[in-house]
Amino acid sequence: IEADSFSWLKFLVILDLSFNRFRNLGEKNTIMSQQIYLTNNYYFNSLANINFISNNLKIYMANNNFISFSLNLVWNKIALNEIDFSNNKIRNLKSVNEFYVKQKTIRLTKLKLDSNNMGYIEENSILDRFKLLEYLDLSINSLTHLENTFNQLFKLKYLNLSNNRLEIIKRDLFKYSKKLIWL
């Protein structure tokens, strides 16, 4: 997609480019929509060079063969409120390096990572950066245990862990998730 392809669309609310063959949205594109659907693009790989202008941005990236979920995808997306990475090939949530740990909290409130065959979530993972997260879907993965995974998710209300391979839930796992109403 060529640069500034969307700059003319000042009133665009929904951008749906699903079921295409896009790998990215091009260099230096500015998108003003509130909802962006990029599902089923097979190997969509980058949001890094996109300037999103929205107060309540929702991005749907399901079925794109992502193998990792990185803060690079969402770091400068200040208005990002919801992201769906369902049905990709993400195997784990790795720990975050020191640069990100010292930086700001990302405003994300809803994160869908279901159906990824995820085996584990490392301590100090990317989840620690989402302190405003209220909805987290980790269903239909291969998680066997969770180590202090939700310690920083104080606002978490909905957590789906169904259809995993969990063997044990430790006593303190939900110690800081006092707003949880759905588990």
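This structure is a prediction, so every number in the text was calculated from the model and none was measured. (Residues numbered from 1 in each chain as written. Predicted model: local features only at pLDDT ≥ 70, side-chain atom pairs only at ≥ 80, totals over all residues. Heavy atoms only, no water.)

S.K.: Talk me through the nonpolar core; I want residue IDs and the actual numbers.
M.R.: Counting residues in each nonpolar core, the largest one holds 38 residues, and the members touching the most others are Phe69, Leu111, Leu113, Phe130, Leu136, Leu138 and Phe150. When residues no more than four places from it in sequence are discounted, the contact partners of Leu113 are Phe69, Phe85, Ile90, Leu93, Met118, Asp137, Leu138 and Asn141. (Core = buried A, V, L, I, M, F, W, Y, C linked by side-chain atoms within 4.5 Å. Buried < 20%, exposed > 50% of the residue type's maximum accessible area, 1.4 Å probe, protein only. Contact = heavy atoms within 4.5 Å.)

S.K.: I'd like to hear about the sheet that holds strand S11 (residues 158-160), residue by residue, with values.
M.R.: Taking strand neighbours across the sheet as the criterion, the seven strands line up as S1-S3-S5-S6-S8-S10-S11 in an open arrangement whose pairing is parallel. Taken across any chain shown, the strands that pair with only one partner, and hence form the sheet edges, are strand S1 (14-16) and S11. The mean inter-strand angle of the sheet, taken between neighbouring strand axes irrespective of direction, is 10 degrees. As paired strands, strand S5 (residues 57-60) and strand S6 (residues 80-84) are joined by four bridges and run parallel to one another. Paired with Lys58 across the bridge in S6 is Glu82. (Pairing = 2+ DSSP bridges. Helix = DSSP H or I, 4+ residues; strand = E, 2+ residues; numbered from the N terminus. Axes fitted to C-alpha atoms, helices over the stretch in contact; angles between N-to-C directions.)

S.K.: Describe the side chain of Asn141, and please don't skip the residues or the numbers.
M.R.: You can see Asn141 is positioned in the loop between strand S10 (135-137) and S11. At a separation of 2.9 Å, a polar atom in the side chain of Asn141 contacts the main-chain amide nitrogen of Met118. If we skip the residues at most four places from it in the chain, Asn141 touches Leu113, Asp114, Ser115, Asn116, Asn117, Met118, Asn163 and Asn164. (Polar contact = N/O pair within 3.5 Å; in protein donor to acceptor, adjacent residues only side chain to side chain.)

S.K.: Please set out the packing of aromatic side chains residue by residue, giving values where relevant.
M.R.: A complete count under the given rule lists six aromatic pairs for this structure. Ring centres 4.5 Å apart and planes at 10 degrees place the aromatic pair Tyr37 and Tyr60 in the stacked group. With Tyr37 in strand S3 (residues 35-37) and Tyr60 in strand S5, the pair connects residues that are 23 residues apart, well separated along the chain. Overall, Tyr37 belongs to the partly exposed group, its relative accessible area being 24%. Here Tyr135 and Tyr158 contribute two aromatic rings whose centre-to-centre distance is 4.2 Å and whose plane-to-plane angle is 5 degrees, an arrangement assigned as stacked. Of the two residues, Tyr135 sits in strand S10 while Tyr158 sits in strand S11, which places them 23 residues apart along the sequence. Each member of the pair, Tyr135 together with Tyr158, is buried. In this structure an aromatic cluster arises from ring pairing among Tyr135, Tyr158 and Trp182. Just above the ring of Tyr135 sits the side chain of Lys110; from NZ or CZ to the centre is 4.5 Å. (Phe/Tyr/Trp six-rings, centres within 6.5 Å; stacked < 30°, edge-to-face > 60°. Lys NZ or Arg CZ within 6 Å of the ring centre and 35° of its normal.)

S.K.: How would you explain the environment of Leu159 if you had to name every residue and give the values?
M.R.: Position of Leu159 among the secondary structure elements: in strand S11. What makes Leu159 buried here is its relative accessible area of 0%. Non-local contacts of Leu159, meaning those with residues more than four positions away in its chain, are made with Leu136, Leu138, Phe150, Phe174, Leu180, Trp182 and Leu183.

S.K.: Outline the pairing of S5, supporting the account with residue identities and numerical values.
M.R.: Note: S3 against S5, three bridges, orientation parallel. Residue Ile36 lies in a different strand from S5, and its bridge partner there is Ile59.

S.K.: Which residues make up the environment of Tyr120, and what are the values?
M.R.: For Tyr120, the location among the structural elements is in strand S9 (residues 120-121). The partly exposed category is assigned to Tyr120, whose relative accessible area is 36%. On a C-alpha basis, the gap between Tyr120 and Arg91 in space is 7.4 Å, while along the polypeptide they are 29 residues apart. With residues near it in sequence (within four places) discarded, Tyr120 still touches Arg91, Asn92, Leu93 and Leu143. A distance of 3.0 Å separates a polar atom in the side chain of Tyr120 from a polar atom in the side chain of Asn92.

S.K.: So what about the pattern of salt bridges? Which residues, and what values?
M.R.: According to the stated counting rule, one finds three salt bridges in the structure shown. For Glu147, the salt bridge identified is with Lys170, shortest N-O distance 3.3 Å. In this pair, Glu147 sits in the loop between S10 and S11 while Lys170 sits in the segment after S11, placing the two residues 23 residues apart along the sequence. Overall, the relative accessible area of 27% leaves Glu147 in the partly exposed class. One salt-bridge network, held together by shared partners, links Lys112, Asp114 and Asp137. (Salt bridge = Lys/Arg side-chain N within 4 Å of Asp/Glu carboxyl O.)

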